[in-house]
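Next come the chains, spelled out residue by residue.
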Amino acid sequence: MRYLFSILFFAISLSIFSQDLKPEITKGVFYKLSLAGTLTNNEDIDLSDEFNDNLFEFNALFFNAGVGYQFDSRASIGLNFEYANHRREGLQFFPLYASFRYNIIKNDDNIFLRGGYGKLLNIERSFESGNLYKLGVGYQIFDENFRNSFLIGLDFTRKRFGFRQLDAISSVSVFLEFQFF
């Protein structure tokens, strides 16, 4: 699945950057693809071994696709689908959530805050159902035409699930997104 996502991400980015020069877009419908992960310490590491493993390893991976509307150069909303796999806990989630992003510093590149709320869909027995909350901060880097952009940053995510949603998992992830109009 990760190879398919990588190939799709690469193909879309090539086709978008090879388009003719067009004017800057400050509002309208946009699409985005995202990859994120959380880091944790490697419990199997042996510091006395000369050829030891990595000190950190990925605990959770998130693949996200979304569509949104940018109102102006500062504010946008979006509808997102995500696949989240928390390896250490053995949990899988498929959230559908609405998001809001606001550029607090608008320049050639933007610094933004974002938040989101949604539902964890029980699409299959191995997926948990419940609620999702997200808060994030990031940096948006535009291409030379100011149409498409890469977003990098940190997200804090809280997922409540289980019987009467008494179980919860929180994570801080590093994300890389590609947004295009």
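Before reading on, note that the structure itself is shown above.
So, here is what we can say about the structure in this document. Owing to the predicted nature of the structure, the values given are computational and were not obtained by experimental measurement.

**Describing the packing of aromatic side chains**
Tallying each qualifying case throughout the model produces 12 aromatic pairs. Ring plane angle 35° and centroid distance 6.2 Å describe the contact between Phe-81 and Phe-94, whose orientation is recorded as tilted. Residue Phe-81 is found in strand E3 (residues 75–86), and its partner Phe-94 is found in the loop between strand E4 (91–93) and strand E5 (95–106); the two are separated by 13 residues along the sequence. The class for Phe-81 is partly exposed, based on a relative accessible area of 40%. Over the ring of Phe-30 we find Arg-101, and its NZ or CZ is 6.0 Å from the ring centre.

**So, the pairing of E5**
Relative to E5, E3 is paired through 7 bridges, and the arrangement is antiparallel. Looking at E5, one finds that Phe-81 is bridged to Leu-96. Inspection of the sheet shows E5 paired to strand E6 (residues 110–120) by 11 bridges, in the antiparallel sense. Of the residues in E6, the one forming a bridge with Arg-101 is Arg-114. In textbook terms, the turn of a hairpin is the stretch between consecutive antiparallel strands, and for E5 and E6 this stretch comprises 3 residues.

**Section: empty space enclosed by the protein**
Across all of its chains, the model carries 1 cavity of 30 Å³ or more by this definition. Computed from the structure, the largest cavity encloses a volume of approximately 240 Å³. Of all elements in the fold, only strand E1 (28–41), strand E2 (56–70), E3, E5, E6, strand E7 (130–142) and strand E9 (167–180) reach the threshold of two or more residues within the lining of the largest cavity. Split into classes, the residues belonging to the lining of the largest cavity amount to 10 nonpolar, 12 polar and 7 charged.

The rules behind the values
Residues numbered from 1 in each chain as written. Predicted model: local features only at pLDDT ≥ 70, side-chain atom pairs only at ≥ 80, totals over all residues. Heavy atoms only, no water. Phe/Tyr/Trp six-rings, centres within 6.5 Å; stacked < 30°, edge-to-face > 60°. Helix = DSSP H or I, 4+ residues; strand = E, 2+ residues; numbered from the N terminus. Buried < 20%, exposed > 50% of the residue type's maximum accessible area, 1.4 Å probe, protein only. Lys NZ or Arg CZ within 6 Å of the ring centre and 35° of its normal. Pairing = 2+ DSSP bridges. 1 Å grid on protein atoms, 1.4 Å probe; cavity = no way out; pocket = protein on both sides within 12 Å on 5 of 7 lines; lining within 4 Å. Points joined across faces, edges and corners; volume = space filled by probe spheres on them. Nonpolar A, V, L, I, M, F, W, Y, C, P; charged D, E, K, R; others polar.

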